[in-house]
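As a plain string of letters, each chain reads:
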Amino acid sequence: MQKVKVVIGANFGDEGKGMITDFFAAEAELKDEKVLVICSNGGAQRGHTVKSPSGMRHVFHHFGSGTFAGADTWLPGYFILNPMIFMNEYEELLKDMGKIYLNPDSPVTTPYDMIINQIIEQHRGAARHGSCGVGIWETLVRQGIRLGDMIEMSDDELRSYLTRDCREYMTYRLKELGVEEISDEWNRILSDKGLIDNYILDFRLMCSLTELREADILADYDTVIFENGQGLLLDRCRKEYGCNTTPSSTGLRNPAELIREYMHMRKDAAAHNRSSRHHEKIDVEVCYVTRSYVTRHGAGRFEGECDKAEINAAMSDLTNVPNPYQGTIRYGKLDIKALKKRIREDFDSERFPVECEAHMSIALTHLNEYDSPFSEEADYISDGETRERIYRTDGRVNYARKTA
């Protein structure tokens, strides 16, 4: 039976989705299964931290958090590509990655999207939205051409698109948002010829290091892990949080749609005798991840917010460090009743094809920092460090390191 895991943050993000993805990938790798991680929403603003058993620590953005366990990565059309951040991460990981696949329908962030984002957040001052500053929202608002079309452009055509269309749009967009003038520092950055030349180089390198694939890629793998970004409370449909959300679906919607697309392709392939998996059942586990408390990095409403000392005054977060756009990470108490309600609503919101056997699980992380009465109801519990510290709630160690 082909296995699918869907890893979803249950709060405002930062719950430990990267560690759980790494754990699921490592379990499959121990069984010599081929593993694919799908980053099913968001883009370069995701920061999923994984610490490998050997002690290597990395914050994943464009690469699936199962990379250390040998998983490949697919970035579907729901994922917003950023060639500059992709290449920075590639150079950090280098030999520690599997194959990377992209989708031709993916939006692509330009330097101007990032610049608009950062100028606007600075302009908002105390009324900032809490953006990461990497241009996610601005990329979607611009509605530019997609990856597949950019690949077909020559360097001269790509340079013209960036310096004419995208630059002109930046001027229009800033005025639309109330910014009439920008600082000398931003003008120096914009006048630097290397801004576009380096971007084109990064774009071409990213394309040369990856392959284009559609949803039928799922048929090539024994275990597929959908690794969502952000959390349920940041979903674009959470109107009660106003502008302090993310412009993507953070719950089950995108993974369920990609699974349905895959099943349609699988049936079509079977009809033309191109598939060996058309009779195979799919086991779908939707795992909702929460800390034993709640965090929020960025501005906006936060029920249950409290001083860090009420949870653990000594704890530190190496990933969510203060920055000019999101500020300092915030802490709050976990409302278990509200947590259960939003998990159930999200899980019940999607229907899978009859070939899928879907069930739900809950992972509770960071129990080393704060006790939670929710522990007995979780399917996985962890101290928030590595995959080797993840247990089932019956006390059984769920992962053992593979020995030589």
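So, how was this worked out
- Residues numbered from 1 in each chain as written.
- Predicted model: local features only at pLDDT ≥ 70, side-chain atom pairs only at ≥ 80, totals over all residues.
- Heavy atoms only, no water.
- Helix = DSSP H or I, 4+ residues; strand = E, 2+ residues; numbered from the N terminus.
- Rg over C-alpha atoms; globule rule 2.2 N^0.38 Å.
- Buried < 20%, exposed > 50% of the residue type's maximum accessible area, 1.4 Å probe, protein only.
- Contact = heavy atoms within 4.5 Å.
- Areas by Shrake-Rupley, 256 points an atom, 1.4 Å probe, with all protein chains shown as cover.
- Lys, Arg positive; Asp, Glu negative; His and termini not counted.
- Charge placed at Lys NZ, Arg CZ, Asp CG, Glu CD.
- Axes fitted to C-alpha atoms, helices over the stretch in contact; angles between N-to-C directions.
- Parallel < 35°, antiparallel > 145°, perpendicular 65-115°, else oblique.
- Left-handed = near helix turned anticlockwise from the far one by under 90°.
- Nonpolar A, V, L, I, M, F, W, Y, C, P; charged D, E, K, R; others polar.
- Disulfide = S-S within 2.5 Å.
- Pairing = 2+ DSSP bridges.
- Core = buried A, V, L, I, M, F, W, Y, C linked by side-chain atoms within 4.5 Å.

## Some thoughts on the overall build of the chain
So, step 1. Of regular secondary structure, the chain possesses 11 helices and 15 strands.
So, step 2. Against the 2.2 N^0.38 benchmark of 22 Å for 404 residues, the chain shows a C-alpha radius of gyration of 21 Å, consistent with a compact globule.
So, step 3. Along the first, second and third principal axes, the C-alpha atoms of the chain reach 60 × 60 × 40 Å.
So, step 4. Looking at the chain residue by residue over its 404 residues, the buried ones come to 55%.
So, step 5. When contacts within the chain are restricted to residue pairs at least 6 apart in sequence, those whose partners lie at least 24 apart make up 76%.
So, step 6. Accessible surface for the chain amounts to roughly 17800 Å². Of this, 48% is attributable to carbon and sulfur atoms.
So, step 7. Taken together, the 51 basic and 66 acidic charged side chains of the chain have centroids lying 3 Å from each other.

## Details of the packing of helix H6 (residues 155-176) against helix H8 (residues 194-208)
So, step 1. At their nearest, the axes of H6 and H8 sit 11 Å apart, and the two run at 125 degrees to each other. Judged by the angle between their axes, H6 and H8 are oblique. As for how H6 packs across H8, the hand of that crossing is right-handed. Counting all contacts with H6, which are made through Asp 155, Leu 158, Arg 159, Leu 162 and Thr 163, the residues of H8 involved are Ile 196, Asp 197, Tyr 199, Ile 200, Phe 203 and Arg 204.
So, step 2. Residues of the contact of H6 with H8, tallied by class, amount to six nonpolar, one polar and four charged.

## Quick word on the environment of Ala 363
So, step 1. Turning to its location among the elements, Ala 363 is positioned in strand E13 (residues 356-365).
So, step 2. For Ala 363, a relative accessible area of 1% puts it in the buried group.
So, step 3. For the pair Ala 363 and Met 97, spaced 266 residues apart in sequence, the C-alpha to C-alpha distance is 26 Å.
So, step 4. Those residues within four positions of Ala 363 in sequence are excluded, and the remaining contacts are Ile 20, Cys 287, Tyr 288, Val 289, Thr 290 and Tyr 380.

## Side note on the state of the cysteines
So, step 1. A full pass over the atoms with the stated rule returns zero disulfides.
So, step 2. The thiol sulfur of Cys 237 is not disulfide-bonded, and the nearest other cysteine sulfur, from Cys 243, lies at 16 Å.

## Overview of the sheet that holds strand E10 (residues 294-296)
So, step 1. With antiparallel pairing, the three strands of this open sheet are ordered in space as E10-E12-E11. For this open sheet the edge positions go to E10 and strand E11 (305-306), each flanked by a neighbour on one side alone.
So, step 2. Sheet analysis places E11 next to strand E12 (residues 330-332), joined by two bridges and oriented antiparallel. Bridge assignment links Cys 306 to a residue of E12, and that residue is Tyr 331.

## Things to note about the packing of helix H3 (residues 111-124) against H8
So, step 1. Two elements in contact, H3 and H8, have axes whose closest approach is 10 Å; the angle formed by their N-to-C orientations is 125 degrees. In terms of axis orientation, H3 runs oblique to H8. Residue-level contacts link Pro 111, Tyr 112 and Ile 115 of H3 to Leu 195, Ile 196 and Tyr 199 of H8.
So, step 2. For the contact of H3 with H8, the residue count by class is six nonpolar, no polar and no charged.

## So, the sheet that holds strand E1 (residues 2-9)
So, step 1. Read across the sheet, 10 strands follow the order E7-E6-E5-E2-E8-E1-E9-E13-E14-E15 without closing on themselves; strand pairing throughout is mixed. With one partner strand each, in any of the chains shown, strand E7 (211-212) and strand E15 (390-392) form the two edges of the open sheet.
So, step 2. Along the sheet face, helix H11 (residues 336-348) touches E1, strand E9 (282-291) and E13 and points at about 155 degrees away from the line of E13.

## Thoughts on the nonpolar core
Generally speaking, soluble globular proteins have nonpolar side chains that are buried together.
So, step 1. Leu 81, Tyr 112, Leu 147, Leu 158, Leu 162 and Met 206 are the most contacted members of the largest nonpolar core, which has 47 residues in total.
So, step 2. Taken together, the elements giving at least two residues each to this core come down to helix H2 (83-93), strand E6 (100-102), H3, helix H5 (147-152), H6, helix H7 (184-191) and H8.
So, step 3. Once residues within four sequence positions are removed from consideration, Leu 162 is found in contact with Thr 110, Tyr 112, Arg 167, Ile 196, Tyr 199 and Ile 200.
So, step 4. By size, the runner-up hydrophobic cluster in this structure holds 43 residues, among which are Leu 258, Val 284, Val 286 and Cys 356.

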